[in-house]
Amino acid sequence: MSSFIIEGGHSLRGNITPQGAKNEALQVICATLLTREEVIIDNIPDILDVNNLIALIRDMGVSVKKLDEKRYSFKAEEIDLGYTQSDDFMQKSAAMRGSIMLIGPLLARFGEAVVPKPGGDKIGRRRLDTHFNGIMKLGARMVYHEQRNLFTLSANQLKGTYILLDEASVTGTANLLMASVLAEGETVIYNAACEPYVEQLSRMLVRMGAKIEGIGSNKLLVQGVTKLSGCQHRLLPDMIEIGSFIGMAAMTASEITIKETSATHLGIIPESFRRLGITVEQRGDDLYIPRQECYTIESFIDGSILTIADAPWPGLTPDLLSVMLVVATKAKGSVLIHQKMFESRLFFVDKLIDMGAQIILCDPHRAVVIGLDNRFHLRGMTMTSPDIRAGISLLIAAMSAEGISTIYNIDQIDRGYQSIDKRLNALGAHIERK
């Protein structure tokens, strides 16, 4: 099992540029299946989840060319639908949560899709009902094969309809968008997710010839077309990585500049860190984080304890709550972290408690953090990363701790963060990969 060995207590200094957005990459790469023509995507991150998806669609018959370090060409002229029935496809796609977004493009263009129950992070239940219920409203037929643990979907021609999503699912909205652009007639998707990445997917589809109104809102109107063409697209920087760098700078008393952040697409992320007492200065499209030896958590106006909770966009993304929880351990003051969307993402706090943090885990969704305010310091220890976001949070904790820490199962971190050890070592961190 691969591991990081981290020598804590080193401050960072310098500039760092975030990778392309992982969640957007998974969506738009799946969208390349909607056309026979070439699609060029720029700023693709070199991370495990994205590389696995690229390899999977290549096995399906997509011509993939790497034009330079972050720029790829995709041409889905001929797709081997027979391969999607194979055990190899089942095994590879089941290991990737993003594979669920192959349903929409395959059904829209070819009228059939085979999808095993997808894997991914062990962060609690993530229902597939939003995907399947919406797809079936478009006219698809679904059969679940219990022995093989897979779903088969088919449709002679998807037909536009009114869809009210039971939750504002990002991947569910993306899937329905990709299915409906080639459906017959008009589709209305209400309670749609409106994250910047869904907006990016929508604009890419429009450049391919799709007709979509309401982009950026929670009500999307899609007028189906008969075919789509190629296009060029550039990914946004990854907002989760940007937030991770802000938290990392605060915990290690570092001075860093996060370059090319596309700050207008970050929503309330910078302000949420400011509420924890962290100085975040916007300089053009960059974010400057000055060195801070200490920072104080705000309270609400009436003096009650601050609560930070996730919510659908434009609320705070759940992917950063674990980072904020770690950051709060060093602050002055207390905060309630409320993880509403996933019931297992806070279970890594036992490792932080073992490191010396003062945290009360109230239940699977809520934790109270009592900041140490530099009166005590976290201490290094050996631990295992349970998922991507907990993994980067434990890495941040280890970088600020006294002594040596070892983190096992870092493949989880590699799934979401590109060469994170090399990039941080260039700023002054001491991280060894083994």
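Please refer to the structure higher up on the page.
Here's what I pulled together on the structure shown here.

Conventions and cut-offs
Residues numbered from 1 in each chain as written. Predicted model: local features only at pLDDT ≥ 70, side-chain atom pairs only at ≥ 80, totals over all residues. Heavy atoms only, no water. Phe/Tyr/Trp six-rings, centres within 6.5 Å; stacked < 30°, edge-to-face > 60°. Buried < 20%, exposed > 50% of the residue type's maximum accessible area, 1.4 Å probe, protein only. Core = buried A, V, L, I, M, F, W, Y, C linked by side-chain atoms within 4.5 Å. Contact = heavy atoms within 4.5 Å. Helix = DSSP H or I, 4+ residues; strand = E, 2+ residues; numbered from the N terminus. Axes fitted to C-alpha atoms, helices over the stretch in contact; angles between N-to-C directions. Parallel < 35°, antiparallel > 145°, perpendicular 65-115°, else oblique. Left-handed = near helix turned anticlockwise from the far one by under 90°. Nonpolar A, V, L, I, M, F, W, Y, C, P; charged D, E, K, R; others polar.

Notes on the packing of aromatic side chains
Now for step 1: The final tally for this structure, using the stated rule, is four aromatic pairs.
Now for step 2: On the basis of an interplanar angle of 20 degrees and a centroid distance of 6.1 Å, the ring pair of Tyr-72 and Phe-74 is categorised as stacked.
Now for step 3: Taking relative accessible area as the criterion, Phe-74 reaches 1% and is therefore assigned buried.
Now for step 4: Both rings, one in Tyr-144 and one in Phe-151, keep their centres 4.8 Å apart while their planes meet at 35 degrees; by these two values the pair is tilted.

Let's talk about the nonpolar core
Now for step 1: In terms of nonpolar packing, the biggest core is built from 76 residues, with Phe-273, Leu-325, Leu-352, Leu-395 and Leu-424 touching the most fellow members.
Now for step 2: Contact partners of Leu-352, with chain neighbours within four places excluded, come to Leu-325, Val-326, Ala-357, Ile-359, Leu-378, Leu-394 and Ala-397.
Now for step 3: Within the second largest apolar cluster, 74 residues are counted, among which are Ala-113, Ile-135, Ile-189 and Ile-212.

Let's talk about unusual backbone geometry
Now for step 1: Each neighbour pair has its own omega, and for Trp-313 with Pro-314 the value is 15 degrees, a cis peptide bond.
Now for step 2: Take Pro-314: it is sitting in the loop between strand 17 (306-309) and helix 10 (321-328).
Now for step 3: Of note in this structure, Asn-43 is not a glycine but carries a positive phi near 75 degrees.
Now for step 4: Mapping Asn-43 onto the fold places it in the loop between strand 3 (38-42) and helix 2 (48-59).
Now for step 5: Located in the positive-phi region is Asn-374, a residue other than glycine, with phi close to 65 degrees.

As for the side chain of Ser-202
Now for step 1: With respect to the helices and strands, the residue Ser-202 is situated in helix 7 (residues 196-207).
Now for step 2: Residues contacting Ser-202, with those up to four places away along its chain left out, are Leu-177, Ile-212 and Ile-215.

Some points on the packing of helix 5 (residues 129-137) against helix 6 (residues 170-180)
Two quantities define a packed helix pair, namely the angle between the helix axes and the distance between the axes.
Now for step 1: Two elements in contact, helix 5 and helix 6, have axes separated by 8 Å at closest approach and are oriented at 20 degrees. Here helix 6 runs roughly parallel to helix 5, going by the angle between their axes. Remark: the crossing between helix 5 and helix 6 carries right-handed chirality. Residues Thr-130, His-131, Gly-134 and Ile-135 of helix 5 lie in contact with helix 6, whose contacting residues are Thr-171, Gly-172, Asn-175, Leu-176 and Ala-179.
Now for step 2: Residue composition of the contact of helix 5 with helix 6, by class: three nonpolar, six polar and no charged.

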